[in-house]
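Observations on the model geometry
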Amino acid sequence: MLSKKVAVRLSTAEYQVEIGRDLLGKVGRIVAPLTEGARAVVVTDSQVGPMYAGAVMESLIEVGFETSAITVLAGETSKNWEQAGQVLDQLAEAGLERIDLVVAVGGGVVGDLAGFCAGVFLRGVPFVQVPTTLLAQVDSSVGGKTGVDLAAGKNLAGVFKQPRAVIADIACLQTLPDAEWRSGLAEVAKSAILDSEEFLSWLERNAQALLARDEDVVAEAVRLSVSFKARVVASDELEFGPREALNLGHTLGHAIEKVAGYGVYSHGAAVAEGMRFAAIAIAVAVVLGGTALALASHANTLRSADLPGISTTRPHSTAALPSPEHGGGPTPGLSPDSTSVAPVGDPKNPASATRPTPQLPSGVVRPPSGSVPTPDPERPDEEDDHEVITPDIREDDPSDDEDVHEPESSPDTAPAFEKDSE
Ligand SMILES: NC(=O)c1ccc[n+]([C@@H]2O[C@H](COP(=O)([O-])OP(=O)(O)OC[C@H]3O[C@@H](n4cnc5c(N)ncnc54)[C@H](O)[C@@H]3O)[C@@H](O)[C@H]2O)c1
């Protein structure tokens, strides 16, 4: 398989996302020209490290880096302030200098944690992402959002830290547990829904091949998702407008993760549940408005992709659980009449309840005015899910080896309107 490249071009950074097979052994050669540094510290987790960190470290040694590794416990519970402090101490002990490299080898947890540490250590050192989950390859490794969870909420402390390169080896994905695989599919479905009818129908046609982890189809799903995300991020690097669309389903998803306890439900499973909620909300709005029928098919896409869901009967550590149609039933504390899971506002932005709806860019698909009830100011998150933004679609030639995404010269940004984010 030839590797595919997607270029991310932002006002503050420019980098390549390389997607292909057997790329771990090439990490050293890819990153060597990207820094003058002599040291590289690999940050990984206890599950990924023994499988994949060795190959990455060998490739770094081959091109002359002095390397060491920091391993955190696998799972969301490692994405916290205390753990970040320990990683920062270890970077200092390793003698990392301003030009040296942090290499994240793992899923979204490792990427967010290592990226955050690379963003604040010495006020920023070069950083590379080697994502090993589907979710991280299609979403979290691209766009520069990094951070850790606080007791008050998910991703509440963080910085924007763009990587110098993203190297997505799809061969790693064969060892992903099934629940993690389906969590990643939730993010692919999110991208397809937000991007275009073309991506959506591609996903519907290839859903079975994706579930079977057909590598050519997986590589294309990663390319399409990354291309979409690169376009959105290029138009709104710091999430003041269109990028908020990437948070589809995340408000309810994050509420589920927080209420259940971090690590009980996987991020992807919680977001898939949030997207189901959003799809129903949209379908209701469509019925009320009697237009934009295409939106109603989004619920079908979520079904055909066999996305994970949360159990309504029992929690499950770090893994997605069967959705109701896959055998789940009601969960204590997460029942529809439970007040504890109702999102009550964005802790990052208490003023959001009173802010106006942002001005959306062209391509927005929104239920007609008057078709959606006025958002309840006590549940501001609801308006999040009524808006589905489809950024301008650029025609990508699938045969192209490289997609380039540049920032818009004068982005049509909206007033700040922060929400729970990717
Ligand atoms: N920064 C962003 O833009 C962004 C976007 C979406 C999600 N996120 C964050 O990403 C996190 C979720 O990421 P995730 O789903 O990758 O979770 P994760 O990093 O916890 O990985 C899931 C599990 O899979 C294991 N694993 C990883 N790669 C493997 C492989 N190749 N083979 C076998 N096991 C493997 C991990 O050890 C872990 O146990 C959340 O914290 C979420 O907030 C960030």
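Residues numbered from 1 in each chain as written. Predicted model: local features only at pLDDT ≥ 70, side-chain atom pairs only at ≥ 80, totals over all residues.

Another point: the site of the ligand. Taken together, 33 residues lie near the ligand, and Gln47, Gly107, Gly108, Thr133 and Ser140 sit nearest. At the level of secondary structure, the elements contributing two or more residues to the shell around the ligand comprise α4 (108–120), α5 (134–140), α6 (178–195) and α10 (267–289). Partitioning the shell around the ligand into residue classes produces nine nonpolar, 16 polar and eight charged. Here the shell around the ligand spans two domains, and each of domain 1 (4–175) and domain 2 (178–211 + 240–393) adds at least three residues to it. (Near = placed C-beta within 6 Å. Helix = DSSP H or I, 4+ residues; strand = E, 2+ residues; numbered from the N terminus. Nonpolar A, V, L, I, M, F, W, Y, C, P; charged D, E, K, R; others polar. Domains from an automatic or database assignment.)

Turning our eyes to something else, we now look at the confidence of the model for the chain. The pLDDT averaged across the chain works out to 76; a share of 66% of its residues lies at or above 70. Taken as a whole, residues 312–402 scores under 50 in pLDDT and shows 168 contacts with residues more than four places along the chain or in a different chain. pLDDT under 50 marks residues 408–420. Its contacts with residues more than four places away, or in other chains, come to 37 contacts. (pLDDT = per-residue confidence, 0-100. Contact = placed C-beta atoms within 7 Å.)

Another point: the pairing of strand β6 (residues 127–131). With five of five residues buried, β6 is to be regarded as a mostly interior element. Of the two faces of β6, the one carrying Phe127, Gln129 and Pro131 and the one carrying Val128 and Val130 are both buried. Pairing analysis gives five bridges linking strand β5 (residues 101–106) to β6, with the strands arranged parallel. Bridging from a neighbouring strand, valine 105 pairs with valine 130 of β6. (Buried ≥ 20, exposed ≤ 12 C-beta atoms within 10 Å, placed from the backbone. Pairing = 2+ DSSP bridges.)

Time to look at helix α2 (residues 49–62). With 14 residues, α2 ought to run about 20 Å at 1.5 Å a step, and its terminal C-alpha atoms sit 19 Å apart, in line with that. Among the residues making up α2, those that are buried are Gly49, Tyr52, Ala53, Val56, Met57, Ser59 and Leu60. The arc that holds every buried residue of α2, seen down its axis, measures 160°, which confines them to one face. Packing partners of the buried residues in α2 comprise α1 (27–31), β3 (39–45), β4 (66–72), β5 and β6. A positive backbone phi angle near 105° is found at glycine 64, which sits one or two residues after α2. (Expected span 1.5 Å × (residues − 1). Arc of directions from axis to C-beta.)

Attention now moves to the pairing of strand β9 (residues 165–169). Taken across its five residues, β9 has five buried, putting it largely inside the fold. Going residue by residue along β9, you find Ala165, Ile167 and Asp169 tucked away on one face and Val166 and Ala168 tucked away on the opposite face as well. Two strands pair when backbone bridges link them, and strand β2 (residues 14–20) and β9 are joined in this way by five bridges, in the parallel orientation. Following the sheet pairing, glutamine 16 is matched in β9 by alanine 165.

Before going further, it helps to examine the nonpolar core. By size, the foremost hydrophobic cluster in this structure holds 94 residues, and its most contacted members are Val43, Val56, Val102, Val103, Val105, Leu113 and Cys117. When residues of this core are assigned to their parent elements, the largest contribution, eleven residues, is made by helix α8 (residues 215–235). Of the residues that make up this core, three or more belong to each of domain 1 (4–175) and domain 2 (178–211 + 240–393). (Core = buried A, V, L, I, M, F, W, Y, C linked by C-beta atoms within 7 Å.)

This brings us to the environment of threonine 44. Note that threonine 44 resides in strand β3. Taking the number of C-beta atoms within 10 Å as the measure of exposure, threonine 44 has 28 and is therefore buried. Residues threonine 44 and alanine 114, spaced 70 residues apart in sequence, show a C-alpha to C-alpha distance of 8.4 Å. Excluding its chain neighbours within four sequence positions, the residues that come into contact with threonine 44 are Gly49, Ala53, Ala69, Thr71, Val105, Gly106 and Val110.

This part covers α4. Between the first and last C-alpha of α4 there are 18 Å, a value that for 13 residues agrees with the 18 Å anticipated at 1.5 Å per step. With twelve of its 13 residues buried, α4 lies for the most part within the structure. Of the residues flanking the end of α4, it is leucine 122, one or two places downstream, whose phi is positive at about 50°.

It is worth spelling out the environment of leucine 224 at this point. Mapped onto the secondary structure, leucine 224 falls in helix α8. Sequence separation between leucine 224 and tryptophan 202 is 22 residues; the distance between their C-alpha atoms is 9.9 Å. Filtering out sequence-adjacent residues up to four positions away, leucine 224 remains in contact with Phe199 and Trp202.

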